[in-house]
Amino acid sequence: AVGKIANAFGMRVLAYNRSRCPEGEALGTYVTLDQLLSESDIISLHCPLTEDNKHMINRDFIEKMRPGAILINTARGGLVDEQALAEALKSVE
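The notes below deal with the structure included here. (Residues numbered from 1 in each chain as written. Predicted model: local features only at pLDDT ≥ 70, side-chain atom pairs only at ≥ 80, totals over all residues. Heavy atoms only, no water.)

### A few points about the state of the cysteines
A covalent bond between the sulfur atoms of two cysteines is what we call a disulfide.
Consideration 1: Applying the stated criterion across every chain, the model contains 0 disulfides.
Consideration 2: In this structure Cys21 is a free cysteine whose sulfur lies 14 Å from that of Cys47, the closest cysteine sulfur available.
Consideration 3: Owing to a relative accessible area of 23%, Cys47 belongs among the partly exposed residues under this scheme. (Disulfide = S-S within 2.5 Å. Buried < 20%, exposed > 50% of the residue type's maximum accessible area, 1.4 Å probe, protein only.)

Shown next as structure tokens:
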């Protein structure tokens, strides 16, 4: 649904997922995670919390994000390392 809304506003939609699906390919372009982080102005998370992705939003992830990018977590809180996020927010001047 977010991809459909973004397209309606004329936004370029990039997607990252370990597995592709036809619905996702119809909405945007699948890219590597590094490309998504460096090119996106808005990053929206839509995934379940698993042992594999717990704290996936960590210091390294945040450092790879485009300066000024907005992170929207529509998923689970456990995806975000809160300490790393707090440090990143405190470092913004």
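### Overview of the pairing of strand β3 (residues 42-45)
Consideration 1: Because side chains alternate across β3, one face comprises the buried residues Ile43 and Leu45, and the other comprises Ile42 and Ser44, none of which is buried.
Consideration 2: The pairing of β3 with strand β4 (residues 70-73) spans 4 bridges and is parallel. The residue of β4 that forms the bridge with Ile43 is Leu71. (Helix = DSSP H or I, 4+ residues; strand = E, 2+ residues; numbered from the N terminus. Pairing = 2+ DSSP bridges.)

### Points about the nonpolar core
Consideration 1: Grouped together as the largest cluster of nonpolar side chains are 14 residues, with contacts concentrated most on Leu36, Leu37, Ile43, Leu45, Ile57, Phe61 and Met65.
Consideration 2: Looking at this core, the elements with two or more residues in it are α3 (33-39), β3 and α4 (59-64).
Consideration 3: When residues no more than four places from it in sequence are discounted, the contact partners of Leu37 are Ile43, Phe61, Lys64, Met65 and Arg66. (Core = buried A, V, L, I, M, F, W, Y, C linked by side-chain atoms within 4.5 Å. Contact = heavy atoms within 4.5 Å.)

### A short note on the side chain of Asn53
Consideration 1: By the element assignment, Asn53 lies in the loop between β3 and α4.
Consideration 2: Setting aside residues no more than four positions away along its own chain, Asn53 makes contact with Cys47, Pro48 and Leu79.

### Side note on the environment of Leu37
Consideration 1: Mapping Leu37 onto the fold places it in helix α3.
Consideration 2: The spacing of Leu37 and Met11 is 26 residues in sequence and 16 Å in space, taken between C-alpha atoms.

Take it as geometry only, folks, not as evidence of what the structure does.
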